[in-house]
Amino acid sequence: MEILVVENIVKGFGGVTAVQDLSFAVSKGEIYSIIGPNGAGKSTVFNCINGLYRPDSGTISFGGRDITGLNPDKIATAGISRTFQNLELFSRMTTLQNLLLGRHVSTTYSIWQMLTFNFRNSKAAKQEILQREKAEDVIEFLELEPYRDRPVFSLPYGVQKLVELGRALAMEPDILLLDEPAAGLNHEERQDMIFWIQDIRNELGITIVVIEHNMQLVKDISDRVLAINFGQKLVEGSVEDVLRDQSVIRAYLGEPAL
Amino acid sequence: MIVQLLISSLVTGSIYALIALAMAIIYKASEIPNFAQGEMAMVSTYITFVLLSTFGFPFLTALVLTLTFAFLLGILFEFLLIRRAKEPNLLGFIIITLGFQLLLFGLAGWKWGSDQRTFTLPFSESEVVVRTSSFVLTEHNLASLIIAMVIMVILYLILNHTKLGLAMRACQQNVGAAMFNGIPANRILGITFGISSIVGAIAGILVAPITTLDPTMMWDPLVKGFAAAVLGSMKSLPGVVIGGLLLGLIENLFGFYVSLEFKSIVAFGVIMLILFIKPSGLFAKHYIRKV
Amino acid sequence: MRLKRVYFEDIRLFKTTASLVWTLLFLLLLFLVPFIFKTYYLSVVNLMCLNVIVALGLNILVGNTGQISLGHAGFVAIGAYTAAILLQAGVPFVFTLIIAGLVSCLVGAFLGLPSLRLEGPYLAIVTLGFGLAVMVIIGRMEMFGGRMGLMIPRIDLNWSGLSYDRTLYYVFIIITILMTILAHNIIHSKIGRAFQAIRDSDIAASVTGINLVHYKTLSFAVSAFFAGIGGALWALYLQFVTPGTFSLMMSVLFLATVVLGGLGSVTGSVLGGIVMTLLNLQLEKVVTVPLFGDLIVFLSDTIMNPSGIANIRWVLTGLILILIILYEPHGLNGIWLRIKRYWNLWPF
Ligand SMILES: Nc1ncnc2c1ncn2[C@@H]1O[C@H](COP(=O)(O)OP(=O)(O)OP(=O)(O)O)[C@@H](O)[C@H]1O
Ligand SMILES: [Mg+2]
């Protein structure tokens, strides 16, 4: 069943057309990778999907519902969460607080109920405790216990990447968009990341779309791969087919990644 | 009457434009809105006053000495305070410049008291150069326009046709790359503060004869100059000049045709409207951070 | 290997018994003040209360949400004038206070709207312009007494059986405590977290489901609410309001209070409000400090000017602002935390 359908989206910035008439569909429960050389428009696709950019034309639907042009917070509420290529963390807040922000949408108490926050039996306090437990689950899942109360700017890069993943997971999304999850990680951390991505899909059943330059990672995790260049689709299919495709090899020519 | 209004608009507008330029030069180089700009100019103006009235220097000598003082003041400000900020973020810088502003304000009040003095220049506000049936042009008007114009041309030449200007522009675009190419970015920023301080000082000297010389004399002009800079979008130098002139025009027309009482705040209404439509000012594209 | 804990411990008002004991002692001290000190000191504490309340609100906007306001005096003015008019009309104090807060809050939300897309200097100039505009408009309208300002009648405090000054003192203290708890709750709830998220990365905040329009406006509104309450108390404290009080300088000093106290922390706002009030009242007496005061007097007599010595206050305020940013960016709260840590390491 197709959960995310992108149809003919176009996005330009002044002179450059970053994404040109691109279409693809992601099925429920699969790990779908998007590859392409630098500047191919991969991140722009994500930005269009989660509403940071409004596509010039084309439609994006999620779970059968048209979400084109909605604000990012609406799209997040609908069940799409993501991580960023260059980390967008709440850097002065602790790991725990970052994860609690992942619970923001599910934390349902009003500003009036907040006033009674200090009483153990109030709705607000109960909610806070409940959400805290959910956040602790994520901490446990990603083994972030040692970093729980440290401000994230003070954590090693690899851990920050995990915190960001954790924040996205805490949102209990239906689909997770990961923009270069292994960029900047060393070999060991990358192996861990592969493990976690697979775990997230297998144990939590979350559909995953990954942008990645590291071909090892792409080979290890992908069910299907989409290759793009200059914002246009080159090929789509199984890992082996795509990586063997002449147009993909030409697009990457000179890049040692292949 | 309309001609007279245009003249006053141009005069106030060019003074706003000078202050706006002074702020924009720094903002372009460092993203710091320098709230101490007004007080730096005020202190420089007092220096001119002391040199003229206490020491009896001829005007030109006093001017040269004042501008040298202003330059050093700017450089020292950058070197002693700005450069040493521990967590250099926007709010921190704003606080430092506000702190420096209070410091200078207090020092000036301490030294020169808060009594207002009249400040006379070789070109006076009461001497008329041209008088026709429809308008009057005073010496001060004419001098202000000419001086403002000359400063703008000099700034343009420095920025576009000298090595220093090239280095300044390189630092504005990319500090890292500039340093890599052997440009001492820190020193360039210091010089930028110095130049900006000179421009501000000239604005101060032009303002003093219209208001009077006292420690609060630059408050209003600074706020207006800052507003003009924002209107023209802090980062475009021609933009802030146009912003200044526009502000002068809006104020004077509104003051004459609508209400003199609310003249001083109409500018903010207009700016709010414009920023509502163009959040980064008239002459800049609103930049969306790439993620 | 998760430690099973009661998470309520982390959100309760007092996390440790020690902090509860300290707070109780502090409250006891506050309670006893009228019985120990002269009436003058009551009014000093009242002034501290005002500053603390405004600082709490401004800190939520600046320290937690990362927005800038150079026009907070405008909100204080709105609160003060609303209170003045209502009290003159004979509206009971409790209602006056709440309405003053709400009117200011509403204006805050309105100012928040055009500010949504603005950053840095652009936001600074809009708020600054707002503050100036409020001052000018109030100064020109008959209804607000123009430049002459308005007198505020004393409120009815006879029910307490204590003297007016003492009762007023307790009223101020109680309101301040309530506002402090409110600020604490806001910061530690989902709302405060959303504010901080916007401060650290508005992009990430929006993709985690935070509605930027909603929360930025809310932050302005909340902050203005505090300022409005502070303003109402201000009117009551001075018994007289004039537009000149609510100047740009006042806005700058509020910002200074928050920075001095420590950005983003309730303790910081409280400390900042207290210390800044003392500084404002005492800085002119700096000449009586041994050594340092002598130096100042000496400077005054030689290179500076003895008649302008009152201005030393601005010099020192400016220096404090600069030194805080250069050497202690977390303000008094940072110092306080370090002292606490030091005592924790104490080998007993
Ligand atoms: N906010 C923006 N403003 C202007 N141009 C943009 C913006 N975002 C992306 N672009 C342009 O769009 C094109 C595609 O960028 P995009 O970030 O999507 O590439 P990418 O495939 O993610 O590359 P990389 O592998 O380097 O991350 C580039 O030319 C880029 O400069
Ligand atoms: Mg990218």
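Shown above is the structure to which this text applies.
So, a few notes on the structure that sits alongside this text. None of these values were measured; they are calculated from a predicted model. (Residues numbered from 1 in each chain as written. Chains lettered and ligands numbered in written order. Predicted model: local features only at pLDDT ≥ 70, side-chain atom pairs only at ≥ 80, totals over all residues. Heavy atoms only, no water.)

### Here we look at helix α1 (residues 2-30) of chain B
Residues and elements named next belong to chain B. Here α1 contains 29 residues, and its C-alpha end-to-end distance of 40 Å stays within 8% of the 42 Å for a straight helix at 1.5 Å per residue. Summarising burial for α1: 22 of the 29 residues are buried, a large majority. Looking at the residues trailing α1, positive phi occurs at Glu 31, about 60°. (Helix = DSSP H or I, 4+ residues; strand = E, 2+ residues; numbered from the N terminus. Expected span 1.5 Å × (residues − 1). Buried < 20%, exposed > 50% of the residue type's maximum accessible area, 1.4 Å probe, protein only.)

### Focus on the sheet that holds strand β5 (residues 65-66) of chain A
Paired through backbone hydrogen bonds, the strands of a sheet run either parallel or antiparallel to each other. Residue and element names in this part refer to chain A. If you walk across this open sheet you meet the four strands as β2-β1-β4-β5, and the pairing is antiparallel. Among the strands making up the open sheet, the edge pair consists of β2 (16-27) and β5. Relative to strand β4 (residues 57-62), strand β1 (residues 2-13) runs antiparallel, the two being bridged by five bridges. Note that in β4 the partner of Val 6 across the bridge is Ile 60. (Pairing = 2+ DSSP bridges.)

### A word on the coordination of the magnesium ion (ligand 2)
Residues and elements named next belong to chain A. Distances from the magnesium ion (ligand 2) to its protein donors, Ser 43 (OG) and Gln 85 (OE1), fall within 1.9 to 2.2 Å. Of this pair, Ser 43 sits in helix α1 (residues 42-49) while Gln 85 sits in the loop between β6 (80-82) and α3 (95-102), placing them 42 residues apart in sequence. Take Ser 43: its relative accessible area is 14%, and that puts it in the buried class. (Donors = N, O, S within 2.8 Å, 3.2 Å for Na, K, Ca; no water.)

### Thoughts on the sheet that holds β6(A)
Residues and elements named next belong to chain A. Strand order in the open sheet formed by six strands is β6-β7-β8-β3-β9-β10, with mixed pairing between adjacent strands. Only two strands of the sheet have a single partner each, and these edge strands are β6 and β10 (232-237). The sheet shows a mean angle of 20° between the axes of neighbouring strands, taken without regard to direction. Sheet topology places strand β3 (residues 31-35) next to strand β8 (residues 207-211); four bridges connect them, and they run parallel. Residue pairing across strands places Ile 31 opposite Ile 208, the latter belonging to β8. Packed onto the sheet, α1 meets β3, β6, β7 (175-179), β8 and β9 (224-229) and runs at close to 145° relative to β7. Relative to β8, helix α7 (residues 187-204) is tilted by about 155°, and along the sheet it contacts β3, β7 and β8. (Axes fitted to C-alpha atoms, helices over the stretch in contact; angles between N-to-C directions. Contact = heavy atoms within 4.5 Å.)

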